[in-house]
Amino acid sequence: MDRSLYARRRLFNTIAVTASLGATGIGLAWLAVILFGLFWQGFSGLSPKVFTEMTPPPGADGGLLNAITGSLVMTVLGVVIGTPIGLLAGTYMAEYGKHDKLSSVVRFINDILLSAPSIVVGLFIYQILVRPMGHFSALAGAVSLAVLVIPVVVRTTEDMLNLVPNTLREAAVSIGLPRSLMIRNIAYRAALSGIVTGVLLAVARVSGETAPLLFTALNNQFFSSNLNAPMASLPAVIFQFALSPYKDWQKLAWTGALIITLSVLALSIVARALAGSRKAS
Amino acid sequence: MESAGRRSVAELALQQEASLGAQDARERARALDRFRLSDNMFRLLTRSAAIGVLILLGGVMLSLVIGAWPALSEFGLDFVSTQNWNPVTEKFGALAPVYGTLVTSFIAMLLAIPFGLLIAMFLTELCPKFLRRPIGIAIELLAGIPSIIYGIWGLFVLAPFLQVHVQPFLIDTFANVPVLNALFAGPPYGIGILTAGLILAIMVLPFITSISRDVFDSVPPVLKEAAYGLGCSTWEVMRFVVLPYTRVGVIGGVMLGLGRALGETMAVTFVIGNAHKVAASVLAPGTTISATIANEFTEAVGDLYTSSLVALGLILFFITFIVLAAARYMLLRMEQRAG
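We now turn to the structure provided with this report.

Thresholds applied
Residues numbered from 1 in each chain as written. Chains lettered and ligands numbered in written order. Predicted model: local features only at pLDDT ≥ 70, side-chain atom pairs only at ≥ 80, totals over all residues. Heavy atoms only, no water. Helix = DSSP H or I, 4+ residues; strand = E, 2+ residues; numbered from the N terminus. Expected span 1.5 Å × (residues − 1). Bend = angle between axes of the 7 residues up to and from the residue. Axes fitted to C-alpha atoms, helices over the stretch in contact; angles between N-to-C directions. Parallel < 35°, antiparallel > 145°, perpendicular 65-115°, else oblique. Contact = heavy atoms within 4.5 Å. Nonpolar A, V, L, I, M, F, W, Y, C, P; charged D, E, K, R; others polar. Salt bridge = Lys/Arg side-chain N within 4 Å of Asp/Glu carboxyl O. Buried < 20%, exposed > 50% of the residue type's maximum accessible area, 1.4 Å probe, protein only. Buried area = accessible area lost by both parts, 1.4 Å probe. Polar contact = N/O pair within 3.5 Å; in protein donor to acceptor, adjacent residues only side chain to side chain.

**A look at helix H8 (residues 193–217) of chain B**
In a regular helix each residue adds 1.5 Å, so 25 residues correspond to 36 Å; H8(B) covers 35 Å between its end C-alpha atoms and thus fits that length. The sharpest bend along H8(B) reaches about 35° and sits at Val204(B), with the proline Pro206(B) one to four residues further on.

Dropping the structure here:
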């Protein structure tokens, strides 16, 4: 028996297993380091003021109220615009044209849109909305977010509708339910938690987006509820404040970063729990 | 809606009755017509939404081409081959951002591929069952953190750390090694190409990990059990059974990660340094396509300047489109084999 070959194989295996353990450790450590850094820098700035006052000029006291509301308004609007389109497109692919040419092309294109660079989406909206209108606006920002919402919702809707057992559909159709009513009353209801998960994931994805907002909604030092005017958003304010030389602005940027991260992580955990409970039942 | 559904059942029942008046028959026909109409409407609605997704991508391409046209017709091929970027004289060349995009993504993949595959190996082969889900979720949470968070963290935590502890060490170590001393030359700025590549590596790691884990899981257990039965070690099963079986899927996952790295904007913008220069050293500041657009677009005055930035976007879209399309194609092949 070749002892040296055996020893070498064992050595290789030990190296590989150790490397694999080490890589996992480092991966988890990064997550811990990033979260710890965020808390370390951002937690001390967290006070009620952050949620009740406007973004300050350099050197003054203030909060992030206009940025937070701006983010909320544009995210909600983006999701409201994007979800129906994504839902309907996903419905077509899962219910009507499961195997036809259009669906497979849309599936492919949608997957590309899903990971297309968001800054390119910003340029697109700039070309079709901001330029013709002649000014930056919250509406343009919301539409650019909607463009990012659509592929996520299309994907999850299709996947979730595909999980609905066909016998349910057949039972509904066999008692005389028209197809569109069957989809709305039976298929949607059966896939509801999955579809909600998809929308939540889309919200999580979109609420941290900065790049497409930079030249659609721009930014705003003041509170604005006018959809036709530039509007502040949390990511855009973080971008501006973090790169500024002022210590108090940087501190606010960290606090804003902590708020975004916590809400995004909370959203994805809720989405996961929803999806998990569905699998369990 | 529900009452409408119930009525159709009732009508079916009525159909059986011979004593059906003309009035009822007319009503029934009208109700059925209404159903047919709403059925077709809904189908049309969903179909047009699906076509809308196609139009969306077409619109993105078209708008970029139209916006980029002035710059492309002014500079022609010089646009991609020169590194001049001068808003004052209105001379624009995309070489520096294109170079920066490719190099930062290359560094990211160099680091993220081995780490991602090793973590996926840990999760599928070595990890105790009760730890698999939590660790998998934790790695995926890395993917959920918005890119601006990586940016601010990279700028204030990672860059100073690299500047003080890592970069001087790299410069000293490789000072006398021929090629490497050019690669690791110059003062340690902290920010620069290397830092951007590092941040990108952390960002694409979860994508590569979770896709590799999924394709590793698709290997039929019989194959692995057979190899273990022959006395193969864990590493040998990975290297000679799992990897060859999943090669296409792994490459697909890697390309998907690459697509993300190429287009990533905010994290890179924070730490790249924004210098329109092609430098040999990876410690030098540079720029990427997305960082250039993010930094300069709102400040761009003059049509040619704006158009040049849109042209940069077009190049980026073109590159990522090819990479992502290839990735999807490969993952699709993998799925077909598994299914």
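**Section: the packing of helix H1 (residues 3–42) of chain A against helix H10 (residues 234–263) of chain B**
Geometry of a packed helix pair, given as the angle between the helix axes and the separation of the axes. Interaxial distance between H1(A) and H10(B) falls to 7 Å at its minimum, and their mutual angle equals 85°. Accordingly, the angle class assigned to the pair H1(A) and H10(B) is roughly perpendicular. Here H1(A) contributes Arg9(A), Phe12(A), Asn13(A) and Ala16(A) to the contact with H10(B), which in turn contributes Thr234(B), Trp235(B) and Glu236(B). Residues of the contact of H1(A) with H10(B), tallied by class, amount to three nonpolar, two polar and two charged.

**Side note on the pattern of salt bridges**
All names here are of chain A. Here the structure, examined in full by the defined rule, presents 12 salt bridges over all chains. A salt bridge links Glu95 to Arg169, with the shortest nitrogen-to-oxygen separation between them at 2.8 Å. In this pair, Glu95 sits in helix H3 (residues 65–96) while Arg169 sits in helix H7 (residues 166–174), placing the two residues 74 residues apart along the sequence. Given the relative accessible area of 6%, Glu95 is considered buried. Residue classification places Arg169 among the buried residues on the basis of a relative accessible area of 9%. Between Asp159 and Arg155 there is a salt bridge, with its nearest N and O atoms 3.6 Å apart. Highlighted residues: Asp159 and Arg155, both in helix H6 (residues 138–163), separated by four residues, approximately one helical turn. Overall, Arg155 belongs to the partly exposed group, its relative accessible area being 28%.

**Thoughts on the side chain of Thr261(A)**
Tracing the sequence through the fold places Thr261(A) in helix H12 (residues 247–280). Taking the relative accessible area as the measure of exposure, Thr261(A) reaches 1% and is therefore buried. Ignoring anything within four residues of it in the chain, the contact list for Thr261(A) reads Leu35(A), Leu38(A), Ile145(B) and Ile149(B).

**Comments concerning the interface of chain B and chain A**
Each partner contributes to the interface: chain B provides 83 residues, whereas chain A provides 83 residues. In terms of surface lost to chain A, no three residues of chain B exceed Phe42(B), Trp153(B) and Arg328(B), which account for 9% of the buried area on that side. Here Asp111(A) makes a salt bridge to Arg328(B), at a shortest N to O gap of 3.8 Å. Between chain B and chain A we count nine residue pairs in polar contact (both at pLDDT 80 or more) in total. The biggest single contributor to the side of chain B that touches chain A is helix H2 (residues 22–75) of chain B, with 20 residues.

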